[in-house]
Amino acid sequence: MQRAVIYARFSSDMQREESIDAQVRACKAYAKNKGYIVVDTYADEAKSGREITKRDAYNKMMADAMEDKFDVIIFHKIDRNSRNELNYFTFKDKPERLGISYEYAAQPIDTVSPEGQVMETIMVGMSAYYSRNLAKETKKGLNENAYKALFNGGCPPLGYKIVDKKYVIDESEAAAVRLIFELYLAGKGYAEICRALDSKGFTTKSGKPFGKNSLYDILGNEKYIGTYTFNKIPKGKGKRNMHSQKRPDDYISIEDALPAIISKEDFFIVQAKRERNRCHAAKYTAKHDYLLSGKVFCGECGSAMVGHRVRQRYYYYGCTRKEQTPTSKCQQRMIRAEVLEHWVMQILERVVFTVSGMRRIADAIAKGYQEEESRHAAEQEALAKRKAAAEKKLNNIYKIFEEGEADEFDRQRLNHIKAELREINKSICETSVKSVESLDNKKIVAFLTTIKSEIFVKNNMDYAKRAIDLLVTNVTVTGTVIKVTLSTQNVCAYLVPRTRTQTSGYKFSISIDTKAA
(Lines give C-alpha, C1' and ligand atoms only; values in the text may rest on other atoms or scores of the structure.)
Protein backbone atom coordinates (compact mmCIF):
# COMPACT_ATOMS: atom_id res chain seq x y z
CA MET A 1 0.00 0.00 0.00
CA GLN A 2 1.47 3.32 -1.07
CA ARG A 3 1.92 6.25 1.30
CA ALA A 4 0.55 9.51 -0.12
CA VAL A 5 0.72 13.16 0.88
CA ILE A 6 -1.53 15.98 -0.26
CA TYR A 7 -0.30 19.40 -1.30
CA ALA A 8 -2.77 22.30 -1.52
CA ARG A 9 -2.21 25.98 -2.27
CA PHE A 10 -4.13 29.15 -2.90
CA SER A 11 -2.64 32.40 -4.12
CA SER A 12 -3.86 35.89 -3.35
CA ASP A 13 -5.52 36.38 -6.73
CA MET A 14 -9.30 36.03 -6.32
CA GLN A 15 -9.00 32.90 -4.16
CA ARG A 16 -10.02 32.22 -0.60
CA GLU A 17 -8.69 30.11 2.23
CA GLU A 18 -11.70 27.81 1.83
CA SER A 19 -10.31 26.64 -1.52
CA ILE A 20 -7.64 24.67 0.37
CA ASP A 21 -10.33 22.65 2.14
CA ALA A 22 -11.92 21.90 -1.21
CA GLN A 23 -8.59 20.80 -2.69
CA VAL A 24 -7.82 18.54 0.27
CA ARG A 25 -11.31 17.02 0.17
CA ALA A 26 -10.95 16.14 -3.52
CA CYS A 27 -7.44 14.76 -3.01
CA LYS A 28 -8.55 12.57 -0.10
CA ALA A 29 -11.37 11.12 -2.20
CA TYR A 30 -8.88 10.44 -5.00
CA ALA A 31 -6.48 8.73 -2.58
CA LYS A 32 -9.27 6.58 -1.17
CA ASN A 33 -10.27 5.40 -4.66
CA LYS A 34 -6.64 4.55 -5.44
CA GLY A 35 -6.16 2.70 -2.15
CA TYR A 36 -3.48 5.07 -0.85
CA ILE A 37 -2.79 5.89 2.80
CA VAL A 38 -2.66 9.67 3.31
CA VAL A 39 0.17 10.22 5.80
CA ASP A 40 0.39 14.03 5.71
CA THR A 41 -1.05 17.22 4.22
CA TYR A 42 0.92 20.34 3.25
CA ALA A 43 -0.75 23.69 2.55
CA ASP A 44 0.57 27.09 1.48
CA GLU A 45 -1.77 30.04 1.92
CA ALA A 46 -1.56 33.17 -0.28
CA LYS A 47 1.57 31.92 -2.08
CA SER A 48 2.40 32.52 -5.72
CA GLY A 49 2.29 29.63 -8.17
CA ARG A 50 5.42 30.89 -9.91
CA GLU A 51 7.73 31.17 -6.87
CA ILE A 52 8.12 27.61 -5.55
CA THR A 53 11.21 28.44 -3.47
CA LYS A 54 9.18 30.92 -1.37
CA ARG A 55 6.59 28.34 -0.30
CA ASP A 56 7.29 27.08 3.22
CA ALA A 57 5.02 24.02 3.14
CA TYR A 58 6.26 22.97 -0.31
CA ASN A 59 9.87 23.17 0.88
CA LYS A 60 8.98 21.15 3.99
CA MET A 61 7.37 18.52 1.76
CA MET A 62 10.52 18.29 -0.37
CA ALA A 63 12.64 17.91 2.76
CA ASP A 64 10.38 15.09 3.97
CA ALA A 65 10.68 13.45 0.56
CA MET A 66 14.43 13.18 1.13
CA GLU A 67 13.68 11.22 4.32
CA ASP A 68 11.49 8.63 2.55
CA LYS A 69 8.29 9.62 4.34
CA PHE A 70 5.93 9.02 1.38
CA ASP A 71 5.65 7.51 -2.10
CA VAL A 72 3.12 9.74 -3.93
CA ILE A 73 2.33 13.47 -3.96
CA ILE A 74 -1.30 14.31 -4.81
CA PHE A 75 -2.23 17.77 -6.12
CA HIS A 76 -5.72 18.92 -7.04
CA LYS A 77 -4.60 20.31 -10.41
CA ILE A 78 -1.32 21.14 -12.13
CA ASP A 79 -1.68 24.86 -11.41
CA ARG A 80 -1.69 24.08 -7.66
CA ASN A 81 1.77 22.62 -8.16
CA SER A 82 3.46 25.30 -10.25
CA ARG A 83 2.75 27.91 -12.91
CA ASN A 84 6.31 28.02 -14.17
CA GLU A 85 7.63 25.39 -16.58
CA LEU A 86 11.23 25.46 -15.37
CA ASN A 87 10.24 25.21 -11.70
CA TYR A 88 7.74 22.45 -12.42
CA PHE A 89 10.11 20.06 -14.16
CA THR A 90 13.14 20.97 -12.02
CA PHE A 91 11.32 20.22 -8.78
CA LYS A 92 9.57 17.18 -10.23
CA ASP A 93 12.91 15.64 -11.14
CA LYS A 94 14.08 15.56 -7.50
CA PRO A 95 11.28 13.38 -6.06
CA GLU A 96 11.24 11.20 -9.19
CA ARG A 97 14.87 10.31 -8.51
CA LEU A 98 13.70 9.13 -5.07
CA GLY A 99 10.94 7.01 -6.59
CA ILE A 100 8.17 9.48 -5.66
CA SER A 101 5.47 10.23 -8.27
CA TYR A 102 3.11 13.18 -8.91
CA GLU A 103 -0.62 12.61 -9.34
CA TYR A 104 -3.55 15.01 -9.86
CA ALA A 105 -6.99 14.42 -8.36
CA ALA A 106 -8.95 16.50 -10.92
CA GLN A 107 -6.64 15.94 -13.90
CA PRO A 108 -5.70 12.26 -14.27
CA ILE A 109 -2.55 12.24 -16.42
CA ASP A 110 -0.64 9.21 -17.67
CA THR A 111 2.91 10.46 -17.07
CA VAL A 112 4.44 7.12 -18.16
CA SER A 113 3.45 6.98 -21.84
CA PRO A 114 4.92 9.44 -24.39
CA GLU A 115 1.42 10.75 -25.13
CA GLY A 116 0.77 11.38 -21.45
CA GLN A 117 4.07 13.22 -21.04
CA VAL A 118 3.21 15.46 -24.00
CA MET A 119 -0.18 16.22 -22.43
CA GLU A 120 1.51 17.01 -19.10
CA THR A 121 3.90 19.43 -20.83
CA ILE A 122 1.00 21.15 -22.63
CA MET A 123 -0.98 21.55 -19.41
CA VAL A 124 2.02 22.94 -17.56
CA GLY A 125 2.54 25.41 -20.40
CA MET A 126 -1.12 26.46 -20.31
CA SER A 127 -0.92 26.99 -16.56
CA ALA A 128 2.18 29.14 -17.00
CA TYR A 129 0.49 31.08 -19.81
CA TYR A 130 -2.52 31.78 -17.59
CA SER A 131 -0.27 33.12 -14.82
CA ARG A 132 1.76 35.35 -17.13
CA ASN A 133 -1.31 36.62 -18.95
CA LEU A 134 -3.01 37.39 -15.62
CA ALA A 135 0.06 39.37 -14.53
CA LYS A 136 0.08 41.19 -17.86
CA GLU A 137 -3.61 42.10 -17.62
CA THR A 138 -3.20 43.20 -14.01
CA LYS A 139 -0.26 45.41 -15.00
CA LYS A 140 -2.30 46.82 -17.90
CA GLY A 141 -5.05 47.83 -15.48
CA LEU A 142 -2.53 49.46 -13.12
CA ASN A 143 -0.99 51.39 -16.02
CA GLU A 144 -4.44 52.63 -17.07
CA ASN A 145 -5.00 53.87 -13.51
CA ALA A 146 -1.61 55.57 -13.65
CA TYR A 147 -2.43 57.42 -16.87
CA LYS A 148 -5.48 58.77 -15.06
CA ALA A 149 -3.34 59.66 -12.00
CA LEU A 150 -5.40 57.34 -9.80
CA PHE A 151 -4.20 55.65 -6.62
CA ASN A 152 -2.64 52.24 -7.36
CA GLY A 153 -2.35 50.80 -3.86
CA GLY A 154 0.18 50.97 -1.08
CA CYS A 155 0.39 53.83 1.38
CA PRO A 156 -0.06 57.41 0.09
CA PRO A 157 2.79 59.77 0.97
CA LEU A 158 2.57 62.06 3.98
CA GLY A 159 0.35 65.02 3.16
CA TYR A 160 -2.14 63.12 1.00
CA LYS A 161 -5.25 61.03 1.57
CA ILE A 162 -7.19 58.99 -0.96
CA VAL A 163 -10.79 59.88 -1.84
CA ASP A 164 -12.47 57.86 -4.62
CA LYS A 165 -9.01 56.63 -5.74
CA LYS A 166 -7.83 60.23 -6.18
CA TYR A 167 -5.06 62.06 -4.29
CA VAL A 168 -6.41 64.81 -2.03
CA ILE A 169 -4.30 67.05 0.21
CA ASP A 170 -4.56 66.25 3.91
CA GLU A 171 -3.88 69.68 5.42
CA SER A 172 -3.00 68.32 8.85
CA GLU A 173 -0.15 66.32 7.32
CA ALA A 174 0.73 68.76 4.54
CA ALA A 175 1.76 71.30 7.19
CA ALA A 176 4.52 68.90 8.27
CA VAL A 177 5.69 68.48 4.67
CA ARG A 178 5.86 72.24 4.13
CA LEU A 179 7.80 72.66 7.38
CA ILE A 180 10.34 70.01 6.34
CA PHE A 181 11.07 71.76 3.02
CA GLU A 182 11.11 75.18 4.69
CA LEU A 183 13.65 74.17 7.33
CA TYR A 184 15.85 72.30 4.83
CA LEU A 185 15.94 75.36 2.56
CA ALA A 186 16.87 77.43 5.62
CA GLY A 187 19.98 75.29 6.06
CA LYS A 188 18.78 73.07 8.91
CA GLY A 189 20.12 69.53 9.18
CA TYR A 190 18.02 66.37 9.42
CA ALA A 191 18.45 66.09 13.18
CA GLU A 192 17.31 69.66 13.78
CA ILE A 193 14.32 69.21 11.45
CA CYS A 194 13.29 66.05 13.32
CA ARG A 195 13.38 67.86 16.64
CA ALA A 196 11.35 70.78 15.23
CA LEU A 197 8.68 68.38 13.93
CA ASP A 198 8.55 66.59 17.26
CA SER A 199 8.15 69.86 19.17
CA LYS A 200 5.10 70.71 17.05
CA GLY A 201 3.55 67.26 17.52
CA PHE A 202 4.02 66.04 13.94
CA THR A 203 4.49 62.30 13.32
CA THR A 204 4.85 60.01 10.32
CA LYS A 205 1.89 58.22 8.69
CA SER A 206 2.37 55.37 11.14
CA GLY A 207 2.33 57.71 14.13
CA LYS A 208 6.06 57.40 14.88
CA PRO A 209 8.59 60.23 15.34
CA PHE A 210 10.35 61.33 12.20
CA GLY A 211 13.73 59.76 11.44
CA LYS A 212 16.42 60.77 9.00
CA ASN A 213 15.42 58.14 6.44
CA SER A 214 11.81 59.35 6.33
CA LEU A 215 13.01 62.93 5.74
CA TYR A 216 15.24 61.76 2.89
CA ASP A 217 12.29 60.12 1.14
CA ILE A 218 9.98 63.09 1.64
CA LEU A 219 12.48 65.64 0.29
CA GLY A 220 12.87 63.64 -2.93
CA ASN A 221 9.20 62.80 -3.60
CA GLU A 222 7.98 64.36 -6.89
CA LYS A 223 4.35 63.97 -5.89
CA TYR A 224 4.70 67.07 -3.71
CA ILE A 225 5.00 69.26 -6.86
CA GLY A 226 2.05 67.49 -8.49
CA THR A 227 3.99 64.96 -10.59
CA TYR A 228 2.41 61.52 -10.67
CA THR A 229 4.90 58.66 -11.19
CA PHE A 230 4.44 54.92 -11.62
CA ASN A 231 6.88 52.07 -12.36
CA LYS A 232 9.63 54.39 -11.18
CA ILE A 233 11.87 51.68 -9.77
CA PRO A 234 13.16 48.86 -12.02
CA LYS A 235 11.86 45.41 -11.06
CA GLY A 236 13.95 43.81 -8.35
CA LYS A 237 15.62 47.09 -7.35
CA GLY A 238 15.37 48.93 -4.07
CA LYS A 239 14.33 52.55 -3.76
CA ARG A 240 17.73 53.79 -2.64
CA ASN A 241 20.37 55.22 -4.97
CA MET A 242 17.80 56.12 -7.60
CA HIS A 243 20.30 58.48 -9.26
CA SER A 244 22.23 55.40 -10.42
CA GLN A 245 19.24 53.41 -11.70
CA LYS A 246 17.93 53.45 -15.26
CA ARG A 247 14.20 54.09 -15.62
CA PRO A 248 12.25 51.07 -16.91
CA ASP A 249 10.61 51.24 -20.34
CA ASP A 250 7.10 51.38 -18.81
CA TYR A 251 7.94 54.28 -16.49
CA ILE A 252 5.01 56.73 -16.31
CA SER A 253 5.42 60.37 -15.27
CA ILE A 254 2.62 62.95 -15.56
CA GLU A 255 3.28 66.53 -14.50
CA ASP A 256 0.62 68.64 -12.75
CA ALA A 257 -1.58 65.57 -12.30
CA LEU A 258 -1.89 65.91 -8.50
CA PRO A 259 -2.62 68.81 -6.16
CA ALA A 260 0.80 70.28 -5.28
CA ILE A 261 1.96 70.86 -1.72
CA ILE A 262 5.39 72.35 -2.57
CA SER A 263 6.28 74.81 -5.33
CA LYS A 264 8.44 73.51 -8.17
CA GLU A 265 11.01 76.23 -7.55
CA ASP A 266 11.54 75.20 -3.92
CA PHE A 267 11.55 71.49 -4.82
CA PHE A 268 14.29 71.81 -7.45
CA ILE A 269 16.39 74.04 -5.19
CA VAL A 270 16.18 71.27 -2.57
CA GLN A 271 17.23 68.61 -5.13
CA ALA A 272 20.24 70.69 -6.20
CA LYS A 273 21.26 71.16 -2.57
CA ARG A 274 20.94 67.44 -1.84
CA GLU A 275 23.10 66.60 -4.86
CA ARG A 276 25.80 69.04 -3.71
CA ASN A 277 25.73 67.52 -0.23
CA ARG A 278 25.98 64.02 -1.67
CA CYS A 279 28.99 64.87 -3.80
CA HIS A 280 30.59 66.71 -0.89
CA ALA A 281 30.17 63.70 1.41
CA ALA A 282 31.63 61.40 -1.26
CA LYS A 283 34.99 63.14 -0.88
CA TYR A 284 35.36 61.67 2.59
CA THR A 285 34.76 57.98 2.02
CA ALA A 286 38.07 56.68 3.36
CA LYS A 287 37.25 53.66 5.52
CA HIS A 288 38.19 53.69 9.19
CA ASP A 289 38.77 50.34 10.85
CA TYR A 290 36.63 50.27 14.00
CA LEU A 291 38.09 47.50 16.16
CA LEU A 292 34.83 46.97 18.08
CA SER A 293 32.50 46.95 15.09
CA GLY A 294 29.42 44.84 15.88
CA LYS A 295 30.39 44.45 19.54
CA VAL A 296 29.26 47.75 21.13
CA PHE A 297 25.79 48.35 22.55
CA CYS A 298 24.07 51.29 24.25
CA GLY A 299 23.37 50.65 27.91
CA GLU A 300 20.60 53.27 27.96
CA CYS A 301 18.28 51.88 25.26
CA GLY A 302 19.90 48.59 24.16
CA SER A 303 20.55 49.65 20.56
CA ALA A 304 23.78 48.88 18.75
CA MET A 305 26.44 51.59 18.69
CA VAL A 306 28.16 52.09 15.35
CA GLY A 307 31.08 54.11 14.09
CA HIS A 308 30.70 57.74 13.01
CA ARG A 309 33.08 60.30 11.61
CA VAL A 310 32.74 63.87 12.92
CA ARG A 311 34.30 66.87 11.18
CA GLN A 312 36.16 64.44 8.94
CA ARG A 313 38.81 63.99 11.65
CA TYR A 314 37.30 62.37 14.72
CA TYR A 315 35.85 58.90 15.08
CA TYR A 316 33.12 57.94 17.55
CA TYR A 317 30.78 55.14 18.49
CA GLY A 318 27.19 56.43 18.65
CA CYS A 319 23.78 54.94 19.48
CA THR A 320 21.98 54.01 16.25
CA ARG A 321 18.52 54.76 17.66
CA LYS A 322 19.59 58.24 18.71
CA GLU A 323 21.34 58.76 15.36
CA GLN A 324 18.42 57.67 13.18
CA THR A 325 15.70 59.25 15.33
CA PRO A 326 17.06 62.50 16.77
CA THR A 327 13.96 62.89 18.97
CA SER A 328 14.81 59.65 20.78
CA LYS A 329 14.95 60.01 24.58
CA CYS A 330 18.19 58.03 24.78
CA GLN A 331 20.69 59.94 26.95
CA GLN A 332 23.82 58.10 25.82
CA ARG A 333 26.43 60.44 24.38
CA MET A 334 28.85 59.43 21.64
CA ILE A 335 32.19 58.08 22.83
CA ARG A 336 35.49 58.55 21.05
CA ALA A 337 36.47 55.36 19.23
CA GLU A 338 40.11 55.57 20.31
CA VAL A 339 39.07 56.01 23.97
CA LEU A 340 36.69 53.05 24.01
CA GLU A 341 39.08 50.80 22.09
CA HIS A 342 41.93 51.85 24.42
CA TRP A 343 39.98 50.80 27.52
CA VAL A 344 38.93 47.47 26.01
CA MET A 345 42.53 46.67 25.06
CA GLN A 346 43.63 47.71 28.57
CA ILE A 347 41.16 45.21 30.05
CA LEU A 348 42.47 42.46 27.78
CA GLU A 349 46.06 43.28 28.73
CA ARG A 350 45.39 43.41 32.48
CA VAL A 351 42.92 40.51 32.77
CA VAL A 352 43.64 38.07 29.94
CA PHE A 353 47.22 38.63 28.80
CA THR A 354 48.98 38.32 32.14
CA VAL A 355 50.90 35.20 33.14
CA SER A 356 48.29 34.24 35.74
CA GLY A 357 45.41 35.26 33.48
CA MET A 358 46.57 33.13 30.57
CA ARG A 359 47.16 30.14 32.86
CA ARG A 360 43.73 30.54 34.45
CA ILE A 361 42.04 30.74 31.05
CA ALA A 362 44.06 27.80 29.71
CA ASP A 363 43.08 25.66 32.71
CA ALA A 364 39.39 26.52 32.28
CA ILE A 365 39.39 25.82 28.52
CA ALA A 366 41.35 22.56 28.82
CA LYS A 367 39.11 21.31 31.63
CA GLY A 368 35.94 22.21 29.76
CA TYR A 369 37.29 20.60 26.60
CA GLN A 370 38.00 17.32 28.37
CA GLU A 371 34.55 17.37 29.94
CA GLU A 372 33.00 17.87 26.53
CA GLU A 373 34.98 14.97 25.08
CA SER A 374 33.68 12.76 27.89
CA ARG A 375 30.10 13.92 27.26
CA HIS A 376 30.56 13.20 23.58
CA ALA A 377 31.78 9.67 24.23
CA ALA A 378 28.81 9.01 26.55
CA GLU A 379 26.43 10.40 23.93
CA GLN A 380 27.87 8.11 21.25
CA GLU A 381 27.49 5.09 23.55
CA ALA A 382 23.84 5.99 24.30
CA LEU A 383 23.07 6.40 20.60
CA ALA A 384 24.63 3.03 19.82
CA LYS A 385 22.38 1.37 22.43
CA ARG A 386 19.29 3.14 21.02
CA LYS A 387 20.24 2.01 17.51
CA ALA A 388 20.60 -1.62 18.60
CA ALA A 389 17.20 -1.51 20.33
CA ALA A 390 15.51 0.07 17.26
CA GLU A 391 17.04 -2.52 14.92
CA LYS A 392 15.78 -5.30 17.16
CA LYS A 393 12.24 -3.89 17.08
CA LEU A 394 12.49 -3.51 13.30
CA ASN A 395 13.49 -7.17 12.87
CA ASN A 396 10.51 -8.26 14.99
CA ILE A 397 8.12 -6.23 12.81
CA TYR A 398 9.64 -7.69 9.64
CA LYS A 399 8.95 -11.22 10.98
CA ILE A 400 5.26 -10.34 11.26
CA PHE A 401 5.24 -9.20 7.61
CA GLU A 402 7.08 -12.34 6.50
CA GLU A 403 4.45 -14.47 8.21
CA GLY A 404 1.69 -12.55 6.36
CA GLU A 405 -0.05 -11.43 9.55
CA ALA A 406 0.62 -7.68 9.28
CA ASP A 407 -2.29 -5.22 9.55
CA GLU A 408 -2.59 -1.42 9.23
CA PHE A 409 -1.32 -0.90 12.78
CA ASP A 410 1.80 -2.93 11.97
CA ARG A 411 2.44 -0.83 8.86
CA GLN A 412 2.22 2.37 10.91
CA ARG A 413 4.48 0.84 13.55
CA LEU A 414 7.00 -0.13 10.86
CA ASN A 415 7.10 3.41 9.50
CA HIS A 416 7.50 4.80 13.02
CA ILE A 417 10.45 2.53 13.83
CA LYS A 418 12.13 3.26 10.48
CA ALA A 419 11.75 6.99 11.13
CA GLU A 420 13.22 6.55 14.62
CA LEU A 421 16.18 4.63 13.17
CA ARG A 422 16.82 7.33 10.56
CA GLU A 423 16.88 9.97 13.29
CA ILE A 424 19.33 7.91 15.36
CA ASN A 425 21.64 7.38 12.37
CA LYS A 426 21.45 11.09 11.61
CA SER A 427 22.42 11.95 15.20
CA ILE A 428 25.30 9.45 15.10
CA CYS A 429 26.55 10.99 11.87
CA GLU A 430 26.31 14.55 13.22
CA THR A 431 28.15 13.76 16.44
CA SER A 432 30.68 11.23 15.23
CA VAL A 433 33.30 13.71 14.01
CA LYS A 434 36.37 13.42 16.18
CA SER A 435 38.63 16.33 17.00
CA VAL A 436 41.66 16.29 14.75
CA GLU A 437 43.90 17.59 17.51
CA SER A 438 44.16 17.43 21.26
CA LEU A 439 43.95 20.56 23.39
CA ASP A 440 46.10 21.05 26.45
CA ASN A 441 47.16 23.95 28.68
CA LYS A 442 50.55 24.48 27.01
CA LYS A 443 49.06 24.88 23.57
CA ILE A 444 46.50 27.43 24.80
CA VAL A 445 49.10 29.48 26.71
CA ALA A 446 51.42 29.47 23.67
CA PHE A 447 48.59 30.74 21.45
CA LEU A 448 47.67 33.54 23.87
CA THR A 449 51.34 34.48 24.34
CA THR A 450 51.76 34.88 20.58
CA ILE A 451 48.73 37.19 20.38
CA LYS A 452 50.00 39.20 23.36
CA SER A 453 53.39 39.73 21.71
CA GLU A 454 51.87 40.76 18.37
CA ILE A 455 49.54 43.30 19.98
CA PHE A 456 51.47 44.84 22.85
CA VAL A 457 55.06 44.48 21.57
CA LYS A 458 54.74 44.71 17.78
CA ASN A 459 51.58 46.89 17.82
CA ASN A 460 49.96 44.64 15.21
CA MET A 461 46.35 45.86 14.82
CA ASP A 462 45.36 42.77 12.83
CA TYR A 463 46.04 40.69 15.92
CA ALA A 464 44.19 43.23 18.08
CA LYS A 465 41.12 42.74 15.90
CA ARG A 466 41.54 38.96 16.08
CA ALA A 467 41.82 39.06 19.88
CA ILE A 468 38.62 41.11 20.13
CA ASP A 469 36.78 38.74 17.79
CA LEU A 470 37.90 35.71 19.83
CA LEU A 471 37.60 37.05 23.37
CA VAL A 472 35.08 39.93 23.49
CA THR A 473 31.40 38.99 23.39
CA ASN A 474 30.04 42.52 23.76
CA VAL A 475 30.82 45.97 25.15
CA THR A 476 28.03 47.94 26.83
CA VAL A 477 28.41 51.70 27.32
CA THR A 478 26.23 53.42 29.94
CA GLY A 479 27.28 56.99 30.52
CA THR A 480 30.96 56.75 31.40
CA VAL A 481 30.74 53.13 32.57
CA ILE A 482 32.06 50.48 30.19
CA LYS A 483 31.06 46.85 30.74
CA VAL A 484 33.08 44.29 28.79
CA THR A 485 31.86 40.69 28.60
CA LEU A 486 34.60 38.21 27.75
CA SER A 487 34.25 34.60 26.63
CA THR A 488 36.83 31.90 25.95
CA GLN A 489 34.45 29.77 23.87
CA ASN A 490 35.70 31.05 20.51
CA VAL A 491 39.31 30.40 21.49
CA CYS A 492 38.57 26.70 21.88
CA ALA A 493 36.73 26.59 18.53
CA TYR A 494 39.61 28.39 16.83
CA LEU A 495 42.29 26.10 18.20
CA VAL A 496 40.46 22.85 17.50
CA PRO A 497 38.36 23.16 14.32
CA ARG A 498 35.63 20.54 14.07
CA THR A 499 32.09 20.13 12.83
CA ARG A 500 30.51 19.81 16.27
CA THR A 501 29.08 23.21 17.20
CA GLN A 502 29.37 22.87 20.98
CA THR A 503 32.66 24.20 22.31
CA SER A 504 34.11 24.64 25.77
CA GLY A 505 34.56 27.96 27.49
CA TYR A 506 33.28 30.32 30.15
CA LYS A 507 32.15 33.94 30.34
CA PHE A 508 32.91 36.75 32.74
CA SER A 509 32.22 40.50 32.75
CA ILE A 510 34.30 43.47 33.88
CA SER A 511 32.97 47.00 34.39
CA ILE A 512 35.02 50.19 34.70
CA ASP A 513 34.07 53.82 35.07
CA THR A 514 36.35 55.68 32.69
CA LYS A 515 35.66 58.97 34.44
CA ALA A 516 36.72 57.60 37.81
CA ALA A 517 39.68 55.76 36.29
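Note: the structure precedes this text.
Nothing here was measured: the structure is a model prediction, and the numbers come from that model.

What counts and how
Residues numbered from 1 in each chain as written. Predicted model: local features only at pLDDT ≥ 70, side-chain atom pairs only at ≥ 80, totals over all residues. Heavy atoms only, no water. Helix = DSSP H or I, 4+ residues; strand = E, 2+ residues; numbered from the N terminus. Contact = heavy atoms within 4.5 Å. Areas by Shrake-Rupley, 256 points an atom, 1.4 Å probe, with all protein chains shown as cover. Salt bridge = Lys/Arg side-chain N within 4 Å of Asp/Glu carboxyl O. Buried < 20%, exposed > 50% of the residue type's maximum accessible area, 1.4 Å probe, protein only. Phe/Tyr/Trp six-rings, centres within 6.5 Å; stacked < 30°, edge-to-face > 60°. Lys NZ or Arg CZ within 6 Å of the ring centre and 35° of its normal. Axes fitted to C-alpha atoms, helices over the stretch in contact; angles between N-to-C directions. Parallel < 35°, antiparallel > 145°, perpendicular 65-115°, else oblique. Nonpolar A, V, L, I, M, F, W, Y, C, P; charged D, E, K, R; others polar. Expected span 1.5 Å × (residues − 1). Pairing = 2+ DSSP bridges. Core = buried A, V, L, I, M, F, W, Y, C linked by side-chain atoms within 4.5 Å. Arc of directions from axis to C-beta.

Quick word on the overall build of the chain
- The helix and strand tally for the chain stands at 16 helices and 15 strands.
- Residue pairs in contact within the chain that sit at least 24 positions apart in sequence constitute 66% of those at least 6 positions apart.
- For the chain, the exposed area adds up to about 29,200 Å²; of that, 51% sits on carbon and sulfur atoms.

Quick word on the pattern of salt bridges
- Applying the stated criterion across every chain yields a total of 15 salt bridges.
- A salt bridge links R336 to E338; its shortest N-O distance comes to 3.2 Å.
- Assessed through its relative accessible area of 26%, R336 is described here as partly exposed.
- What emerges from the salt-bridge pattern is a single network uniting K60, D64, E67 and K69.

What to know about the packing of aromatic side chains
- Per the counting criterion, the structure on display carries 15 aromatic pairs.
- Linked through ring pairs, F151, Y160, Y167, F181, Y224, Y228, F267 and F268 together constitute an aromatic cluster.
- Over the aromatic face of Y216 sits the side chain of R274, whose NZ or CZ is 4.6 Å from the ring centroid.
- Over the ring of Y316 we find R336, and its NZ or CZ is 5.8 Å from the ring centre.

Overview of the packing of helix 11 (residues 337-352) against helix 15 (residues 461-471)
- As a packed pair, helix 11 and helix 15 sit with axes 11 Å apart at the nearest point and diverge in direction by 70°. Put simply, helix 11 runs roughly perpendicular to helix 15. Residue-level inspection shows M345, L348 and V352 of helix 11 in contact with helix 15, the latter providing A464, I468 and L471.
- When the residues that make up the contact of helix 11 with helix 15 are grouped by side-chain class, the tally is 6 nonpolar, no polar and no charged.

Some points on the side chain of H308
- With respect to the element layout, H308 can be found in strand 10 (residues 305-310).
- Relative accessible area serves as the criterion here: at 16%, H308 is assigned to the buried category.
- Ignoring any residue separated from it by four or fewer positions in sequence, one finds H308 in contact with Y290, Y314, Y315, Y316, G318, E323 and M334.

Section: helix 11
- In a regular helix each residue adds 1.5 Å, so 16 residues correspond to 22 Å; helix 11 covers 22 Å between its end C-alpha atoms and thus fits that length.
- Taken as a whole, helix 11 has its buried residues at A337, L340, E341, W343, V344, M345, Q346, I347, L348 and V352.

Some points on the sheet that holds strand 12 (residues 335-336)
- Strands sit in the order 10-11-12 across an open sheet of 3 strands; the sheet is antiparallel. Of all strands in the sheet, those with a lone pairing partner are strand 10 and strand 12, marking the two edges.
- Two elements, strand 10 and strand 11 (residues 314-319), share 6 bridges in a ladder whose sense is antiparallel. Residue pairing for strand 11: H308 is matched across the bridge by Y316.

Remarks on the nonpolar core
- Among the nonpolar cores identified, the biggest contains 44 residues, and Y317, L340, L348, F353 and V475 are the most heavily contacted of them.
- Residue contacts for F353: discarding those within four places in its chain leaves L348, M358, L448, I451, K452, F456, A467 and L471.
- Membership of the second largest hydrophobic core comes to 34 residues, among which are I169, A174, L183 and Y224.

Here we look at helix 2 (residues 56-66)
- When helix 2 is considered as a whole, its buried residues turn out to be A57, Y58, M61, M62, D64 and A65. Viewed along the axis of helix 2, the buried residues span an arc of 160°, placing them on a single side of the element. Looking at helix 2, the residues exposed on the side facing more than 90 degrees away from the buried face are D56 and M66.
- Positive backbone phi, approximately 60°, marks D68, located one or two places after helix 2.

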